[in-house]
Every structure is written in structure tokens, then in C-alpha cells.
Amino acid sequence: MGNSSLQIISENISVVASKNTWIAGEAIQQLQTTAKLDGMRRVVGMPDLHPGRGYPVGAAFFSVDRYYPALIGGDIGCGMSLWKTDLSTAKFSIDKLVKRLGNIDAPLIAVSDVWRDRVLTHQLADTGYEHALGSIGGGNHFAELQHVDQIYDQACIEKLGLDQKKILVLAHSGSRGFGGQILREHVEQFRHAGLLAKTKESDAYLIQHQRALQFARANRSLIAQRICANLGAEGEAIIDIDHNLLTQFELDGQAGWLHRKGATPADQGLVVIPGSRGDYSYLVEPIPASLSLYSLAHGAGRKWMRSECEARLSKRYTMAQLAKTSLGSRVICNDKGLIFEEAPEAYKPIDSVIHSLQDAGLITLVARLKPLVSYKTSGGCCA
């Protein structure tokens with residue numbers, strides 16, 4: 001296994017990134033601060049590492065005896081779901097796809113009795129956030145129509161039943177306001193001190209955490225189903241993976257807790273690593289390894305803070321220009337602030353992330369996926 005892309009910061013801190021991969025100094029500082037938490041044994045940053053609100057995004061953390069819900073953050077269960085459909089890429093132009101996709105911001109339970117019944121089957125009404133199921137949310141969440149652009153592993157593509165001429169749906173979302181509520185209640189009571197494992201308090205958090213994972217997975221499924229219904233397509237999930245979660249884990253014979261914050265599990269089969277909305281995504285086969293804490297990058301990773309994007313880009317681009325990408329795809333985002341915050345320029349090139357993972361011997365490529373239509377919001381409904 002290669003290690004040319006493994007940078008050792010200290011005995012228990014490392015970053016999977018090649019020397020030319022841009023990593024913000026603040027993100028490294030946040031890794032170092034996190035490594036000092038009580039019980040923390042190892043911290044690994046991914047090539048998409050960037051600063052977060054106190055803790056870095058794009059990293060995995062292994063602790064013993066104590067775990068830290070604040071490391072996971074409020075969007076518990078945020079992740080990716082990839083669906084294959086029977087809809088031919090030749091059936092619709094980009095403009096027609098945009099029109100057929102329509103507005104998918106409204107609460108799904110209000111769309112029709114049929115959809116309300118589908119939502120109810122997930123038995124999540126007691127969360128108080130049932131109205132958010134089937135909706136994407138703000139930030140870096142999105143849904144994207146894609147197709148297989150380049151194949152690296154034909155046998156794997158055939159096994160999955162993928163066809164280069166058929167549309168794929170990639171849904172990226174999480175537990176919406178429910179996960180945020182869980183984090184707020186935890187921080188109000190325990191601040192950032194974490195929880196001692198196997199106590200009444202930690203067991204209560206784990207129950208809530210599991211409910212948030214259930215919510216996030218149901219949400220992605222309903223988003224994909226909603227899109228397929230609007231397009232008049234039949235769809236089937238082939239991948240669903242979380243990248244914000246806490247897992248009981250054994251590392252080098254030691255039992256503990258693996259925190260992933262914007263880190264894709266490398267021990268659960270195939271995963272998609274998406275680029276920005278103006279870039280490709282990659283379907284990859286992970287090669288599980290302790291050097292990366294059995295984790296991978298979850299995307300391209302931000303270069304710029306959200307607060308600076310509009311100032312940097314508004315003199316160069318209009319909203320209409322940002323809605324069309326260099327790959328010929330379309331971005332649906334009628335929220336001015338968000339379309340600038342999520343512009344491709346605000347993110348690292350996905351190829352730099354993928355190459356770092358390849359050089360470290362952590363993935364093999366299966367296919368490159370090209371965007372057709374990326375959906376963020378039709379009118380500011382991102383709460």
C-alpha cells in the first residue's frame with residue numbers, strides 16, 4: 001500500500017493528502033486541538049479537510065472510554081444515496097429535465113395523500129420534523145441527475161447493472177433539523193466535554209443518534225423517490241452511506257469509538273465521492289486501512305469560507321452564469337447567497353482529492369459520473 005499521500009503531523013495526527021493538496025492551516029490547528037480531547041487516540045484528516053465550527057470537517061477520530069457528539073455535529077447521518085433509473089439520457093434535453101424535475105422544496109407530506117402515506121411508513125412523526133422528510137435542505141446538500149461518463153471497472157459496472165445511457169440520481173442530505181435539535185440539547189447539558197461511555201447519559205444519546213441516522217436514510221430515499229416520480233422513472237437504490245456518525249469500533253485490538261465528520265466509511269462497500277456542482281463525481285471501491293481510520297473523503301472540500309464567496313465572485317459572475325457549468329450541466333438554485341457559496345470555485349478540484357486517495361492506496365476507481373442537473377433549491381426553502 002502506498003503512503004506518498006500520508007502526511008504525519010504528530011504521533012497521533014495525520015492527513016491523507018499529497019504535497020500539492022491545499023489544506024487550510026486552520027483545519028490543521030483544529031485537528032491538533034481535537035487530538036488533545038480526553039480519551040482521543042488518533043485523528044486523521046482526509047484530502048477534503050477544511051475548517052468547521054470549532055472542529056474540522058473531512059476527518060475521522062478514534063477515542064476510548066469517552067466519545068464526543070459535538071464532533072459529529074448537528075447533521076447526524078448526513079450522507080449520499082445513489083439510485084439507478086430506467087430513464088434514458090437521450091429522452092430529455094437538459095431544459096426538459098429541469099422542467100420535469102420541478103420544485104422539490106415543499107414538504108412532501110403536503111404534496112399528496114400518497115406521499116403522506118409513504119412518509120408515515122417511516123414512523124418518524126414523533127421527531128417533530130416529519131415535514132422535512134423528502135427535502136434537501138441548505139448548505140452543501142443537493143440532489144443531482146448524473147450519468148456514467150467513464151468506466152474503469154467494467155465488471156463492477158455490470159454487476160451493479162449500470163448503463164451509461166441511463167440517468168442516475170445522487171441524493172446528498174441528512175437528518176435536517178432533527179439532528180440539529182439533538183446536538184443543541186446535548187451541548188446545553190454537557191457543553192463540549194463529551195460523554196463517558198456506558199452511562200445513562202451516553203446510552204440516551206446513542207438512542208437519539210440512531211433515530212437521526214434512521215431519519216437521514218429515510219430522507220434520502222424519499223428525495224430520490226420524489227425525483228424519480230417527477231421524471232416518470234423507475235428507480236432503485238444501489239448505495240446509501242452516512243458520513244457524519246458515531247460507531248463502536250475496534251482499532252489495533254483496542255475497543256473504542258470512531259467519529260466521522262464529513263468522512264465516508266471505507267468498510268461498507270462502494271461509495272460515491274462527489275465534486276462540486278460543476279465537477280465530476282467518482283464511484284470508487286474503498287480499500288479499508290487503519291492509516292485512514294477506515295475512512296475516505298466525502299467530497300471535494302471547501303477552499304473558501306461561505307462568508308467570502310459572494311464578494312469574491314459577484315463581480316465575475318451573475319446568478320444566471322453560475323447556473324450553467326463548464327461541463328454543460330445546469331444548477332437549480334434560486335437562492336442568491338447559496339448559489340455563490342456553492343460555486344465550483346469555492347471548492348477544491350475533485351481530481352486532487354481522488355489522486356491523494358489513490359496515491360495512499362485507499363481506493364480503486366470504478367467509474368466517473370458526470371452531472372446533468374444539480375438541484376439546490378427553487379426558491380429559498382432551505383431551512
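Quick note: structure is the one above.
Thresholds, definitions, all that
- Residues numbered from 1 in each chain as written.
- Predicted model: local features only at pLDDT ≥ 70, side-chain atom pairs only at ≥ 80, totals over all residues.
- Heavy atoms only, no water.
- Helix = DSSP H or I, 4+ residues; strand = E, 2+ residues; numbered from the N terminus.
- Rg over C-alpha atoms; globule rule 2.2 N^0.38 Å.
- Buried < 20%, exposed > 50% of the residue type's maximum accessible area, 1.4 Å probe, protein only.
- Lys, Arg positive; Asp, Glu negative; His and termini not counted.
- Charge placed at Lys NZ, Arg CZ, Asp CG, Glu CD.
- Pairing = 2+ DSSP bridges.
- Axes fitted to C-alpha atoms, helices over the stretch in contact; angles between N-to-C directions.
- Contact = heavy atoms within 4.5 Å.
- Salt bridge = Lys/Arg side-chain N within 4 Å of Asp/Glu carboxyl O.
- Polar contact = N/O pair within 3.5 Å; in protein donor to acceptor, adjacent residues only side chain to side chain.
- Phe/Tyr/Trp six-rings, centres within 6.5 Å; stacked < 30°, edge-to-face > 60°.
- Core = buried A, V, L, I, M, F, W, Y, C linked by side-chain atoms within 4.5 Å.

As for the overall build of the protein chain
Counting secondary structure elements, the protein chain contains 11 helices and 18 strands. In summary, the protein chain has a C-alpha radius of gyration of 20 Å against a globular reference of 21 Å for 383 residues, a match within 12%. Taking the principal axes of its C-alpha atoms as reference, the protein chain extends roughly 55 × 45 × 45 Å. In the protein chain, which comprises 383 residues, the proportion classed as buried is 57%. Counting 41 positive and 39 negative side-chain charges, the protein chain places the averaged centre of each group 5 Å from the other.

Some thoughts on the sheet that holds strand 3 (residues 40-50)
Strand order in the open sheet made by the 6 strands is 1-2-3-4-12-11, with mixed pairing throughout. At either margin of the open sheet sits one strand with a lone partner, and together these are strand 1 (6-10) and strand 11 (244-251). Neighbour-to-neighbour, the strand axes of the sheet open up by a mean angle of 20°, direction not taken into account. Where strand 11 and strand 12 (residues 254-261) come together, 8 bridges link them in antiparallel fashion. Bridge pairing in strand 12 links Q248 to W257. Contacts from helix 1 (residues 25-34) reach strand 1, strand 2 (13-16), strand 3 and strand 4 (57-63) within the one sheet, and its direction differs from that of strand 3 by about 165°. Across the sheet, helix 11 (residues 350-359) lies against strand 2 and strand 3, angled at about 140° from strand 3, the strand it touches most.

With respect to the pattern of salt bridges
Evaluation of the coordinates by the stated rule reveals 16 salt bridges. When the shortest N-O distance is used, the salt bridge between R260 and D267 registers 3.6 Å. With a relative accessible area of 1%, R260 lands in the buried category. Owing to a relative accessible area of 36%, D267 belongs among the partly exposed residues under this scheme.

Let's talk about the side chain of R66
Inspection of the secondary structure assignment puts R66 in strand 5 (residues 66-67). A polar contact of 3.3 Å, which involves the side chain of R66, links it to the backbone oxygen of A193. Excluding residues within four positions of it along the chain, R66 makes contact with D38, A193, G194, L195, L196, A197 and W257.

Topic: the side chain of S281
Here S281 lies in strand 15 (residues 281-286). A polar side-chain atom of S281 sits 3.3 Å from a polar atom in the side chain of Q146. Discounting residues that sit within four places of it in the chain, S281 has contacts with E144, Q146, L170, V272, I273, P274, G275, A367, R368 and L369.

What about the packing of aromatic side chains?
How two aromatic rings sit relative to each other is set out by the distance from centre to centre and by the angle between their planes. Considering all chains together, one arrives at 5 aromatic pairs under this definition. Centroid distance Y129 to F178: 6.4 Å. Interplanar angle 40°. Geometry classified as tilted. On the criterion of sequence distance, the pair formed by Y129 in the loop between helix 4 (113-120) and strand 7 (142-151) and F178 in helix 6 (residues 176-190) is long-range, its members being 49 residues apart. When the centroid spacing of 5.8 Å and the interplanar angle of 45° are considered together, the rings of F178 and F215 count as tilted. In this pair, F178 is assigned in helix 6 and F215 in helix 7 (residues 200-231), connecting sequence segments 37 residues apart. Under the relative-accessibility criterion, F178 is labelled buried at 3%. Note on F215: relative accessible area 0%, which makes it buried.

What to know about the pairing of strand 18 (residues 363-377)
With 13 of its 15 residues buried, strand 18 lies for the most part within the structure. By the bridge criterion, 8 bridges tie strand 7 to strand 18 in an arrangement that is antiparallel. Directly across from I151, in strand 18, lies its bridge partner A367. When strand 15 meets strand 18, the two strands line up antiparallel, connected through 6 bridges. When the bridges of strand 18 are listed, Y282 appears paired with R368. Of the strand pairs in this sheet, strand 17 (residues 330-333) and strand 18 are connected by 4 bridges, and their pairing is parallel. Across the sheet, the residue bridging to C333 is T377, located in strand 18.

Describing the nonpolar core
Ranked by size, the top nonpolar core spans 60 residues in total, and within it L283, L357 and L362 carry the most contacts. Sort the elements by how many residues they give to this core and strand 18 lands first, with 5 residues. Excluding residues within four positions of it along the chain, L357 makes contact with V16, P47, I273, L296, A297, L362 and I363. If you look at the next biggest cluster of nonpolar residues, it comprises 23 residues, including I76, Y205, F215 and L222.

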